[in-house]
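Breakdown of the fold
What follows is each chain in one-letter form.
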Amino acid sequence: MKDLELAAYDYHLPEHLIAQTPAQQREKSRLMVYNRQTDHLEHTLFDALHDYLQPGDVLVVNNSKVFPARVFGQKSHTGTSFEFLLLHESAPLRWEALAKNSKRIKVGYTFLFEEGVEAEVLETLDAGHVVLQFSCPQGFWTWIEKHGEIPYPPYIQSRASHADRYQTIFEGPTGSVAAPTAGLHFSEAYKQALVERGIHFAPLTLHVGIGTFMPVRTENITEHPMHSEHYVLPEATAQLLNAQRSSGKRIVAVGTTATRTLESVYRKYGKYQADQDSTRLFLYPGQEILSIDALITNFHLPQSSLLMLVSAFIGRDKMMELYNTAIERTYRFYSFGDAMLLL
């Protein structure tokens, strides 16, 4: 089946369409709008989103914050510099990390960081991953906010002055190594304008992991080992979404991360229910997405699991058709790029 072949999710993107900087105003990104029922396509700006929403619609947003997860240390017995990308904390001050030059790292090695912080290597894992136990004489989060760097995706070259724009406006816990980018298009002012029109916002948390950068590498996409990400669906959000379904009103996921969380919970319980867990859910064509009615999302990398999720929602052929149109019309792609609304 072609839809399950990795090659079916490749496309050529001219380099100049990779957005290096965010739009001057968050809500002034472009917006492609596709209605699945009518097969109708429109082109507008994101701040016209309200024209396609209805009073009573719920926008489900991922409120996870990106933290400066890239840290730099020196091997204690040689002084050699190493770079680590902290992925998730499994116990107090114990972090799984992605290490550059991991083949030169062994269990028992100690690394020295700024302000007297140290980390001992407890394990070396596959694919460059290591487990570090930190010793931090001050508060760890205070230290990392001071000395860590935001891990922008590798395709973004201009990184100096956009840290605030690589965060959404939605207040939530810190824990992502990449931004939930569909939420970047909302400003405080435009969010308030939507609320005044009767649109509701419901938060959940999914801490975006390193897997979001990784392309699928298996020729049969169903064999792809999906990365695990931790999520929290709050009680208030679950209640609102159950009421939304009961009343026949729409649930609009803001981003693929919100979609994965909602679909994970919905498949687990057959409804929306307050939950904390990790998910490895991989959505691709042939699977029906039952937990949402519409999706707001950015334009994603070729051969990525995110591209396959969008294809599960609207079909691979239609997805490729929309992407070709976006390229022809010079939409901006990836994290700082433009958005699409799939109704």
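Nothing here was measured: the structure is a model prediction, and the numbers come from that model.

**Brief notes about the packing of helix α5 (residues 305–314) against helix α6 (residues 316–328)**
Where α5 meets α6, the closest approach of the two axes is 7 Å, and the angle between their N-to-C directions is 115°. With respect to the hand of their crossing, α5 and α6 are arranged in right-handed fashion. Contacts from Leu307, Val310, Ser311 and Ile314 of α5 reach α6 at Arg316, Lys318, Met319, Leu322 and Tyr323. For the contact of α5 with α6, a count of residues per class yields six nonpolar, one polar and two charged.

**So, the environment of serine 304**
By the element assignment, serine 304 lies in the loop between β16 (294–298) and α5. Separated by 89 residues in sequence, serine 304 and proline 215 place their C-alpha atoms 4.7 Å apart.

**Concerning the sheet that holds strand β9 (residues 118–124)**
Around the barrel, which closes on itself, the six strands sit in the order β5-β6-β7-β10-β9-β8 with antiparallel pairing between neighbours. Mean inter-strand twist for the sheet, computed between neighbouring axes without regard to direction, equals 45°. In terms of strand pairing, β9 meets strand β10 (residues 129–135) through six bridges, oriented antiparallel. Within β10, the position partnered with glutamate 118 by the bridge is serine 135.

**So, helix α4 (residues 256–269)**
An α-helical turn contains 3.6 residues, so any two residues separated by three or four positions project in the same direction. An ideal rise of 1.5 Å per residue puts 20 Å on 14 residues; α4 measures up with 20 Å between its terminal C-alpha atoms. With respect to burial, α4 is a largely interior element, ten of its 14 residues being buried.

Conventions used here
- Residues numbered from 1 in each chain as written.
- Predicted model: local features only at pLDDT ≥ 70, side-chain atom pairs only at ≥ 80, totals over all residues.
- Heavy atoms only, no water.
- Axes fitted to C-alpha atoms, helices over the stretch in contact; angles between N-to-C directions.
- Helix = DSSP H or I, 4+ residues; strand = E, 2+ residues; numbered from the N terminus.
- Left-handed = near helix turned anticlockwise from the far one by under 90°.
- Contact = heavy atoms within 4.5 Å.
- Nonpolar A, V, L, I, M, F, W, Y, C, P; charged D, E, K, R; others polar.
- Pairing = 2+ DSSP bridges.
- Expected span 1.5 Å × (residues − 1).
- Buried < 20%, exposed > 50% of the residue type's maximum accessible area, 1.4 Å probe, protein only.

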